[in-house]
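# Architecture and fold: a report
Listed below are the residues making up each chain.
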Amino acid sequence: MSTVAAGDHHDHPESPYSIKRWLFTTNHKDIGTLYLWFSFIMFLIGGVMALVIRTELFQPGLQFVDPQFFNSMTTMHAIMMIFGVVMPAFTGLANWLIPMMIGAPDMALPRMNNWSFWILPFAFAMMLSTLFMDGGGPAGGWTLYPPLTLQTGDALPFVILSMHFMGLSSIMGAINVVATVLNMRAPGMTLMKMPLFVWTWLITAYLLIAVMPVLAGGITMLLTDKYFGTSFFNAAGGGDPVMFQHIFWFFGHPEVYILILPSFGVVSSIIPTFARKPLFGYASMVYATGAIAFLSFIVWAHHMFTVGMPLAGELFFMFATMLIAVPTGVKVFNWIATMWRGSMTFETPMLFALGFIVMFSIGGFSGLMLALAPVDFQYHDTYFVVAHFHYVLVPGSIFAIIAAVYYWLPKWCGNMYSEGLGKTHFWLSTIFVNLTFFPMHFVGLAGMPRRIPDYALQFSDYNMMATIGAFGFGLSQLLFLVLVIKAIRSGNKATSQVWEDAEGLEWTLPSPAPYHSFSTPPAIK
Amino acid sequence: MFAIKRLNAWLGLAFISVVSGSAFAGQPMNMTPGVTDISAEVYDMHMIAFWLCVVIAVVVFGAMFYSIFAHRKSRGVTPATFHESTTIEAIWTIIPFVVLIALSIPATKTLIDMYDTSDYDLTVKITGYQWLWHYEYVEDGVDFHSKLQTSISQINNDEEKGENYLLEVDNELVIPVGKKVRFLITSNDVIHAWWVPDLAVKKDAVPGFINEAWARVNEPGIYRGQCAELCGRHHGFMPVVVRAVPEAEYRQWVAANAKPESATEYAVVSQ
Amino acid sequence: MSDKTSKTTRGATKLALAAVFMFSFGYLLVPLYDVFCDLTGLRFTDEEAVALSPQELEEDTSRLVTIQFDVSMNQGMSWHVKPEMQVMEVHPGRVYTTFYSASNRTVGEMVGQAVPSVAPIAANKYLVKTECFCFDNQTIAAGETVNMPLSFMLNPRLPPNVNLVTLSYTFFDITKNASAENQLDSVLAYK
Ligand code: HEM
Ligand SMILES: [Cu+2]
Ligand SMILES: [Cu+2]
């Protein structure tokens, strides 16, 4: 804690091939890079799990895996993607970008930054190792509902421990973001001058600090119920299994906004650049983010409409959930107003951002439909819900992350990526993501429950489409990997501004951004 | 470079055909209007919400695509500089708000109906087990288990799959048409959910607690559903089959299946 | 510089404390959930003997409500339990007594715990149990049958559209935990 600036004072980083450099680094750019690569590796592992699921579902009948293993694939896939991909990717972006955006030399707590990253590989190694334990990996769904989850074999304590580590890591990351944003801004960088990415991350960080510990509490209760004789969720001892669902979703709904708010920030950075026009409604964007964050604490039971709640509860959660669509709508309208009468070009980051707007909105529409409690009785726990959350998460969060990588990659590595291949990547991803998830609306409405390894014959065509789409989407991401590696190794040199009309402090730095930047605070106009 | 551009144009076309093509596969792709008044209301509300979303999508995406078309640099436009307008921002906050309130009114009404179990005609207690259902006709003294009938060889692809693959049971839940059937739903082990789309009934079966739902079926027929809450290994293999029959036929069925000892215990005591 | 550092440290400490607080808040949700259940009548809590005003204790002879008694066995529970009566028609405001009979046809002594539940949810807080076998766990020796009494009344303020109330008990086998539970009782403030 001796310095607020970067922990070690080399002017040049050690060789990228030195393991020591990466193990002990406290440099925000190095740590950002680590997070991003970690997230990509988890994306591949989680993706393989998704393909196991889709392979089994290619046709009716049991072909490839045992139903129990299938259930552990759905469970693990979700945990990997949420805690291993989207959250670390956002933390990686935060590490790279927040200091550069607010004119700070580094994150406020560089040593903690190192720990919060290095916890993750251990946590996920432990999580993955449970697949080989007696009784198999966790198979009760990522929602971990008891009593089912208490039927997990030897894996349970390891699953819970590893989730504690993931939570710890993200709480530490969040504390770091708040401390950085509140204390490290260059003079003149007032709160209402901060880029929206910083704003949305600040609010996300508060959400993380508020709800990750609640999840930790809930899963600890699971653990003590199973091994130490408590009865939090056991009716025989005066507990109630439904209470777990309340605790889980008290965490879970804010969590889904943790998974989307930073994307809002990314898109709000990209659209103005390529529309060559300032962001429309900056202030209302900030307020809408705040409103969403606040509302996200009072809508949780919309995940539990069928659980048997009093009528009044049901109505309250329905109204509150519908309300949350309003600030979400405001964001979309603002982005379109930003584009309106701009002078647009369509480089890859812009394409992904536009794809985000359209497909995230489709997810928002199904969200709105799901909010209607009596209709949710038909939607709940079907593929319609699966379609909903994949629209907001894949062409939502994941597209935003990809857009961010394309947008800032030239700043990170100093080279331009191949625009042609980037566009191919966009179109392939967009086609396949829709081929995968759009038909899921149909089978869901037609009555196919989620989390089943086999299904009735009338669902077969759309499932086949979804499987084809999933393989296509998965393979397309390898193109992304190739493209990024190519750009790191070679490519046209990027200028410091990179994009014609990019605005923000990070674009005043040379490309690639020097290992230590803003050691003296920049002047802010 | 040129080749990649061509490729990208083709990909764009392919995208459009995927979206439109997926709608023509010929298998069911929408919610069922079902066979109860409530399920019809739910279906209507679903369609209203759906078309509302379509209209919003056309307007919003229409504006966006128009802008993408008209306000592009290659057309030589100079960008405007406006970046806020309190009026417009107020309008697009308030209009969605009003629309949502309008949408929630019929939803509230239907929900209240769904919660009203008074004036029922008969009660069926449903208990979920890993992995089958147990039905008990509380007043009529019939009770039995109901489990998947599809053969293992069909599931393992050794035999051709039948028409009702995975949606067939050994003992169907028989209920009379036109009567208000009250369901009491609970579980023996983990949480399950009893779901029949045609009745618009989906309720969790929670161990230690009873939940309530009801349905008044308008047409005789066989209605199939499934467990809708992950309940372990064979969660995908515990279907629900409801056979709705005319009242007289139901009475006959009860007479043939009632267990005398449980029927006699049913005595109303007034004081 | 050092000023900024200590400010950062203080801020981070506060945030860490906030995280610790939220962890306890997770546990705080447990009693809060009970309060919530009491307010909404979502679930039973044990303190059924709520103080009733004298006029609530007045029998409403103009109204008859049907009470349906039901019973379920949880996984692994092998008792045979039957309500004495499956249905009763009762006047709100008057205390009635009935019983459930339970037999243990196994070869060992067993301890069971009954968990009550009421449908519709709206009736939950108006069904008052003055004496119930569910207040304590029940021990039944091998091969024995016991009658377990239940006294209850309906609060006359039961919503007028409710003409049927189902009272259901689920029996759990707690023989294994019963001995351990005695020691844990103090830990389990929540019970
Ligand atoms: C317009 C805003 C939104 C509304 C009104 C909304 C509404 C809902 C509702 C009612 C459900 C429960 C459906 C059910 O289980 O029956 C749900 C599920 C879900 N939503 Fe959303 N949602 C919105 C946006 C989002 C966003 C932005 C995300 C994340 C990026 C998200 C992620 C999820 C996830 C992951 C689930 C399923 C969780 C599970 O059961 O495993 N939603 N949403
Ligand atoms: Cu939610
Ligand atoms: Cu199930």
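Everything quoted here is computed from the prediction, not taken from an experiment.

Below, the discussion takes up the overall build of chain C. Along chain C, the regular secondary structure elements total two helices and nine strands. Secondary structure of chain C in N-to-C order comes out as α-β-β-β-β-β-β-β-β-β-α. Across the 191 residues that make up chain C, the buried fraction comes to 50%. About 9200 Å² of surface is accessible on chain C, with carbon and sulfur atoms providing 56% of the total.

On to the nonpolar core, then. Core analysis: the biggest nonpolar cluster contains 256 residues, and Phe83(A) and Met163(A) have the highest contact counts within it. Of the domains in this structure, domain 1 (32-74 + 84-116) and domain 2 (122-270) of chain B are the two that each give at least three residues to this core. Apart from residues no more than four positions distant in its own chain, Phe83(A) is found in contact with Pro88(A), Phe124(A), Met163(A), Met166(A), Met212(A), Leu215(A), Phe251(A) and Glu255(A). Judged by nonpolar contacts, the second largest core, of 38 residues, contains Leu148(A), Leu230(B), Val242(B) and Trp253(B).

A few words on the coordination of the copper ion (ligand 3). Residue and element names in this part refer to chain B. Taken together, the protein donors to the copper ion (ligand 3) comprise Cys227 (SG), Glu229 (O), Cys231 (SG) and His235 (ND1), at separations of 2.0 to 2.6 Å. Taken together, the four donor atoms coordinating the copper ion (ligand 3) span angles of 86 to 129 degrees at the metal, a pattern that classifies the geometry as tetrahedral. One chain supplies every donor to the copper ion (ligand 3), and in sequence these donors are spaced C-x1-E-x1-C-x3-H. Like Cys227, the residue Glu229 is buried in the burial classification.

The next thing to look at is the interface of chain C and chain A. Contacts between the two partners involve 31 residues from chain C and, on the opposite side, 42 residues from chain A. Carbon and sulfur atoms make up 73% of the area that chain C and chain A hide from each other, which totals about 3100 Å². Viewed at the interface, chain A and chain C are joined by zero salt bridges. For the interface between chain C and chain A, the tally reads one residue pair in polar contact (both at pLDDT 80 or more).

Residue-level contacts link 106 residues of chain A with 97 residues of chain B. Between chain A and chain B lies a buried interface of about 8800 Å² when both sides are counted; carbon and sulfur atoms form 71% of it. There are two salt bridges connecting chain A and chain B. Notably, a salt bridge pairs Lys73(B) with Glu500(A), separated by 2.9 Å at the nearest N-O pair. Counting across the chain A and chain B interface gives 29 residue pairs in polar contact (both at pLDDT 80 or more). Elements supplying a minimum of two residues to the side of chain A that touches chain B: helix H3 (67-102), helix H7 (241-258), helix H10 (311-339), helix H11 (348-371), helix H12 (373-379), helix H14 (419-446) and helix H15 (460-489) of chain A. With 16 residues, the top contributor of residues to the side of chain A that touches chain B is H10(A). Class assignment of the residues belonging to the side of chain A that touches chain B gives a composition of 64 nonpolar, 28 polar and 14 charged.

The next thing to look at is the packing of H14(A) against H15(A). All names here are of chain A. One can describe the packing of H14 onto H15 by two numbers: an axis separation of 8 Å at closest approach and a directional angle of 155 degrees. Comparing their axes, H15 and H14 come out roughly antiparallel. Handedness of the crossing formed by H14 with H15: left-handed. Its residues assigned to classes, the contact of H14 with H15 shows 18 nonpolar, 10 polar and one charged.

Bringing the coordination of the copper ion (ligand 2) into the picture now. All names here are of chain A. Protein coordination at the copper ion (ligand 2) comes from His253 (ND1), His302 (NE2) and His303 (NE2), with a distance range of 1.8 to 2.1 Å. A gap of 4.6 Å separates the copper ion (ligand 2) and the iron atom of ligand 1. Relative accessible area serves as the criterion here: at 21%, His303 is assigned to the partly exposed category.

As a further point, take the environment of Ala122(C). Mapped onto the elements, Ala122(C) comes out in the loop between strand S5 (110-119) and strand S6 (127-132). Separated by 36 residues in sequence, Ala122(C) and Leu158(C) place their C-alpha atoms 8.4 Å apart.

How each quantity is defined
Residues numbered from 1 in each chain as written. Chains lettered and ligands numbered in written order. Predicted model: local features only at pLDDT ≥ 70, side-chain atom pairs only at ≥ 80, totals over all residues. Heavy atoms only, no water. Helix = DSSP H or I, 4+ residues; strand = E, 2+ residues; numbered from the N terminus. Buried < 20%, exposed > 50% of the residue type's maximum accessible area, 1.4 Å probe, protein only. Areas by Shrake-Rupley, 256 points an atom, 1.4 Å probe, with all protein chains shown as cover. Core = buried A, V, L, I, M, F, W, Y, C linked by side-chain atoms within 4.5 Å. Domains from an automatic or database assignment. Contact = heavy atoms within 4.5 Å. Donors = N, O, S within 2.8 Å, 3.2 Å for Na, K, Ca; no water. Tetrahedral: all angles 85-135°; square planar, octahedral: opposite > 155°, others 65-115°. Buried area = accessible area lost by both parts, 1.4 Å probe. Salt bridge = Lys/Arg side-chain N within 4 Å of Asp/Glu carboxyl O. Polar contact = N/O pair within 3.5 Å; in protein donor to acceptor, adjacent residues only side chain to side chain. Nonpolar A, V, L, I, M, F, W, Y, C, P; charged D, E, K, R; others polar. Axes fitted to C-alpha atoms, helices over the stretch in contact; angles between N-to-C directions. Parallel < 35°, antiparallel > 145°, perpendicular 65-115°, else oblique. Left-handed = near helix turned anticlockwise from the far one by under 90°.

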